[in-house]
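Below, each chain spelled out in residue letters.
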Amino acid sequence: MEQNLQKTSLYEACVKAGGKMVDFHGWLLPVQFESIIAEHNAVRSSAGMFDVSHMGQIIFKGPDAYKFLQYVATNNFKVETGRGAYSHIVNENGGVIDDIIAFCINEQEFFVVVNSATCQKDYAWFKEKAKNFKVEVSNVSAKYSMLALQGPKVLDILGELDKDIKNLKRFYIKKATMFGGEVLITRTGYTGEDGVEIMGSADTINKLFAWGLTHNIKPCGLGARDLLRLESGYLLSGNDMDETKTPYEASCGWVVKLNKEDFIGKAALAKQKETGVSQVWSGFILTQPGIAREGCKIYQNDKEIGYLTSATFSPVYKAICAGYAPSNLAEGSEVEIEVRGRKIKAKKIKMPFYQDKI
Amino acid sequence: MYNQEKCKFSKTHEWAFVEGDTAVCGISDHAQHEISDIVFVELPKVGAKVEAGKSCAVIESVKSAADFYAPLSGEVIQVNENLNGNPALINQAPHGDGWIFKIKISNAKEEENLLSFDAYKATL
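Residues numbered from 1 in each chain as written. Chains lettered and ligands numbered in written order. Predicted model: local features only at pLDDT ≥ 70, side-chain atom pairs only at ≥ 80, totals over all residues. Heavy atoms only, no water.

J.: Quick one: what's the story with the sheet that holds strand β6 (residues 84-90) of chain A, residue by residue and with numbers?
T.: Residue and element names in this part refer to chain A. Pairing within the open sheet is antiparallel, and its 5 strands lie in the order β6-β7-β8-β5-β9. The open sheet terminates on both sides in strands that have one partner only, identified here as β6 and β9 (136-139). Sheet twist, expressed as the mean angle between neighbouring strand axes with direction ignored, is 25°. Sheet analysis places strand β5 (residues 56-61) next to β9, joined by 4 bridges and oriented antiparallel. Among the inter-strand pairings, Ile58 is bridged to a residue of β9, identified as Asn139. On the sheet, helix α3 (residues 65-72) packs against β5, β6, β7 (96-106), β8 (109-114) and β9 and is oriented at approximately 125° with respect to β5. (Pairing = 2+ DSSP bridges. Helix = DSSP H or I, 4+ residues; strand = E, 2+ residues; numbered from the N terminus. Axes fitted to C-alpha atoms, helices over the stretch in contact; angles between N-to-C directions. Contact = heavy atoms within 4.5 Å.)

Okay, here's the thing in structure tokens:
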């Protein structure tokens, strides 16, 4: 089985550090090292690091690079060296293909970080849409290993490797040198904590991982990553949203900038903004003992009203859930969630569960 | 408390500590380690009939839910209420304070289907 799975360049290092490796969309990645809860706590209180080398990197280059990005993305980007932003990529109907973070390298080059499971699909989509633009789209994912370093103490710790790291603004990118290799550092993350994500060669990122292990940066797996992102109310592309959902339905309407120039899906989204949506991605907490899971159905007065797309156990908030439910369901409303044939009481809460400190 | 060398094991990683016509049941150290961070246990009710090999409790970690299959058939006469407040007891002492329930055995012959500690270890 394993020979069909891809390994990141940090595979050996993760195994050596005690990583319990699992198949994640065709990649062998650590689901946990010591314990998901211990890793979660390290990121909230101190510092943790995640192998995210499976993520994709795509470059838009050419005179129309900016124009093209504005056309394929819903958010409104700026031409300012180093500046990045989060956005959705949607189809003509406004359905979400993926979420991305794109950074301006210069006015003719944008660096786009995409999800691993959707990377090939995104790349094919961009290639097809680029035909009428003076832009070259290239998938450079194989060139980069990537480590996400997250937590309130991460920047202090990394100051030893890059004394200017704290000057990097939130959602900006910069080039730097670490262990003699060139790296790209972005002040971004998926945990709700401050931190950076660092991309570089396999050799450099392996050196960084090894350095982190000896500098109180705890290796963390996908389990902690999923828990941290759900606490922070971040969507998991392909799981919490896909082409059957629009950014409005995904409770992410702020990434749609209808007042910018034309972009793919704009007409459909403008129409939906006017008519409104019937279901939105909403948060719930169980008020009775139990843990709900992805796929569980939501009921109110014995009527099925929705379903969960993500749910787990948080050491802080206990059984947390998120899924699609009627947009008119008020905060505090009591619902029931069916877990293995048993209905458990839950209440709707305002997302996120954890207010990030960034 | 329930010395693993004196327990009988199922292939699905449950143990039974048999004393007369009763048995205390729990999960093996290997199983608690594999499940990791146990955060919730759905216990059977006292008086419930459990059947060997059938799911009768659920052990949940942050990541997933695992069925607990009764190692022997019988009637539940006691459950470990402490697990409601502190399910991590199973991680800390799977053969001690992390026991799950106690049954009155209904079919003593089923014990023959279980493995000794050494035989169980050999399956891991």
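J.: Residue-level account of the interface of chain A and chain B, with values.
T.: At the interface, 18 residues of chain A touch 14 residues of chain B. Regarding the contact of chain A and chain B, the summed buried area is about 1300 Å², with carbon and sulfur atoms giving 50% of it. Linking chain A to chain B there are 4 salt bridges. With a shortest N-O distance of 2.7 Å, Arg340 of chain A and Glu42 of chain B are connected by a salt bridge. Where chain A touches chain B, the interface holds 14 residue pairs in polar contact (both at pLDDT 80 or more). With 3 residues, the top contributor of residues to the side of chain A that touches chain B is helix α7 (residues 222-231) of chain A. Tallied by class, residues from the side of chain A that touches chain B come to 7 nonpolar, 5 polar and 6 charged. (Buried area = accessible area lost by both parts, 1.4 Å probe. Salt bridge = Lys/Arg side-chain N within 4 Å of Asp/Glu carboxyl O. Polar contact = N/O pair within 3.5 Å; in protein donor to acceptor, adjacent residues only side chain to side chain. Nonpolar A, V, L, I, M, F, W, Y, C, P; charged D, E, K, R; others polar.)

J.: Which residues make up the sheet that holds strand β16 (residues 297-300) of chain A, and what are the values?
T.: All names here are of chain A. Reading around the circumference, β15-β18-β17-β16-β19-β20 is the order of the 6 strands in this closed barrel, with antiparallel pairing throughout. In this sheet, neighbouring strand axes are inclined to one another by 45° on average, regardless of whether the strands run parallel or antiparallel. Sheet analysis places strand β15 (residues 279-286) next to strand β18 (residues 318-326), joined by 7 bridges and oriented antiparallel. Bridge pairing links Val280 to Ala325 in β18. Across the face of the sheet, α7 comes into contact with β15, β17 (303-314) and β18 while running at roughly 125° to β17.

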